[in-house]
Amino acid sequence: MKLGRLNHVGVATPDIDASIAFYRDVMGASDITEPFVLESQQVRVCFVNTPGQNGTAGTQIELIQPTSPDSAVGKWLAANPLGGQHHLCYEVPDIHAAKAWFESQGKRVLGEPRIGAHGTLIFFVHPKDMGGQLTEIMETPKEAH
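Residues numbered from 1 in each chain as written. Predicted model: local features only at pLDDT ≥ 70, side-chain atom pairs only at ≥ 80, totals over all residues. Heavy atoms only, no water.

What counts here: UniProt positions are given in the numbering used here, feature names are shortened, and annotations may be inferred rather than shown by experiment.
As annotated in an unreviewed UniProt entry, the protein is Methylmalonyl-CoA epimerase from Novosphingobium cyanobacteriorum. Per UniProt, the protein carries the Sequence similarities (unreviewed entry) text "Belongs to the methylmalonyl-CoA epimerase family."

### Comments concerning the overall build of the protein
To keep things clear, this is the line we draw: Helical segments are the DSSP runs of H or I of at least four residues, strand segments are the runs of E of at least two, and each set is numbered from the N terminus. Each radius of gyration reported is based on C-alpha atoms, and the globular scaling rule is 2.2 Å times the count of residues to the power 0.38. Only protein chains enter the accessibility calculation, which uses a 1.4 Å probe; a residue whose area is less than 20% of its type maximum is buried, one above 50% is exposed, and one in between is partly exposed.
Helix and strand counts for the protein come out as three helices and eight strands. Along the protein, from the amino end to the carboxyl end, the secondary structure elements read β-α-β-β-β-α-β-α-β-β-β. The C-alpha atoms of the protein give 15 Å as radius of gyration, which agrees with the globular expectation for 145 residues (15 Å, within 12%). Once the C-alpha set of the protein is aligned to its principal axes, its extents read approximately 45 × 40 × 25 Å. Within the protein, the proportion of its 145 residues that are buried is 40%.

### As for the environment of His86
Checked against the element boundaries, His86 lands in strand β5 (residues 84–92). His86 sits in the buried class, given a relative accessible area of 10%. Residues His86 and Ser19, spaced 67 residues apart in sequence, show a C-alpha to C-alpha distance of 14 Å.

### Observations concerning unusual backbone geometry
Non-glycine residue Gln42 carries a positive phi angle of around 55 degrees. Along the chain, Gln42 turns up in the loop between β2 (36–38) and β3 (43–51). Residue classification places Gln42 among the partly exposed residues on the basis of a relative accessible area of 33%.

### Section: helix α1 (residues 16–25)
Note the cut-off: The directions considered for the arc are those from the helix axis to the C-beta atoms. In what follows, a contact means two residues having at least one pair of non-hydrogen atoms within 4.5 Å. In the analysis that follows, any N or O atom pair within 3.5 Å is treated as a polar contact, provided that within protein one partner can donate a hydrogen and the other can accept it, and provided that, for residues neighboring in sequence, both atoms belong to side chains.
Those residues of α1 that fall on the buried side of the exposure criterion are Ile16, Ser19, Ile20 and Tyr23. Each buried residue of α1 lies within a common arc of 105 degrees when the element is viewed along its axis, so the set occupies one face. Packing partners of the buried residues in α1 comprise β1 (6–12), β3 and β4 (57–66). Two to three positions downstream of the cap, the backbone nitrogen of Asp17 sits 3.1 Å from a side-chain oxygen, assigning the N-cap of α1 to Asp15.

### Considering the nonpolar core
This is how the line gets drawn: In this text, buried Ala, Val, Leu, Ile, Met, Phe, Trp, Tyr and Cys residues form a nonpolar core when linked through side-chain atoms within 4.5 Å.
Val9, Val11, Ile16, Ile20, Tyr23, Ala29, Cys46, Val48, Ile61, Leu63 and Leu88 form the largest nonpolar core, which has eleven residues in total. Broken down by secondary-structure element, the contributors of at least two residues to this core are β1, α1, β3 and β4. Looking at this core, the element that brings in the most residues is α1, giving three residues. Those residues in contact with Cys46 that sit more than four places away from it in its chain are Ile16, Ile20, Ile32, Thr33, Glu34, Pro35, Ile61, Glu62 and Leu63.

### Describing the UniProt feature "domain: VOC" (unreviewed entry) in the protein
As recorded in UniProt, the sites labelled "domain: VOC" (unreviewed entry) are residues 5–140. Within residues 5–140, the helical portion is 21% and the strand portion 40%, while the C-alpha atoms at the span's ends are 9 Å from each other.

### Remarks on a nonpolar patch on the surface
Condition: Residues enter patches when they are more than 30% accessible in relative terms and free of salt bridges; like-charged ones are connected within 9 Å and nonpolar ones (Val, Leu, Ile, Met, Phe, Trp, Tyr) within 5 Å. Throughout, the Shrake-Rupley method with a 1.4 Å probe supplies accessible areas, and for residues the shown protein chains are the sole cover considered. Salt bridge, as used here: a side-chain nitrogen of Lys or Arg that lies within 4 Å of a carboxyl oxygen of Asp or Glu.
On the surface, Phe22, Val26 and Met27 cluster together into a nonpolar patch covering about 310 Å² of accessible area. Relative to the assigned elements, Met27 resides in the loop between α1 and β2.

### Regarding the layout of surface pockets
Under the convention used in this document: Every definition here rests on a 1 Å grid over the protein atoms only: cavities are sets of points where a 1.4 Å probe fits but cannot get out, pockets are open sets enclosed by protein on both sides within 12 Å along at least five of seven lines, and lining residues have some atom within 4 Å of a point. Grid points are joined across faces, edges and corners, and a volume is the space filled by probe spheres set on the points. The classification used treats Ala, Val, Leu, Ile, Met, Phe, Trp, Tyr, Cys and Pro as nonpolar, Asp, Glu, Lys and Arg as charged, and all other residues, Gly among them, as polar.
In this structure, the largest pocket occupies an estimated 320 Å³ of space. Surrounding the largest pocket, 19 residues form its lining, Gln41, Ala72, Val73, His86 and Phe124 being those nearest its centre. Counting only elements with at least two residues in the lining of the largest pocket, the list comes to β3, β4, α2 (72–79), β5, β6 (109–115) and β7 (121–125). It is α2 that provides the largest number of residues to the lining of the largest pocket, a total of three residues. Residue classes in the lining of the largest pocket are distributed as twelve nonpolar, four polar and three charged.

As structure tokens, this is what we get:
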């Protein structure tokens with residue numbers, strides 16, 4: 001297992017439209033995707049694209065608004081009503097090999113790999129096993145890099 005590119009920082013928000021306005025008007029973001037609903041995770045999602053260096057893609061900010069208070073993000077937001085950093089997401093070339101590696105290290109993988117907001121396989125690792133940080137592992141999108 002080798003640490004891959006930091007793909008995005010997940011930010012939970014009670015109001016994705018207000019968060020988009022903040023990133024556009026206060027932070028100067030000019031490349032923000034249209035929000036869409038990811039039914040499988042009960043969230044509304046969009047990405048704030050940051051500029052990279054030397055023509056590469058920058059790290060994204062994933063804005064996440066729950067569509068149900070019973071979703072994982074809805075429950076997190078109930079405990080953190082202002083929102084904030086929810087998770088970090090790293091890319092790996094092989095999601096199944098990464099899952100096996102984390103499990104061999106005694107890390108608690110939360111569920112089986114599933115399709116995430118980028119359309120690639122993902123899984124999460126419990127924050128108690130990752131220095132207090134919920135960590136998403138995603139297979140590198142085939143069209144990237």
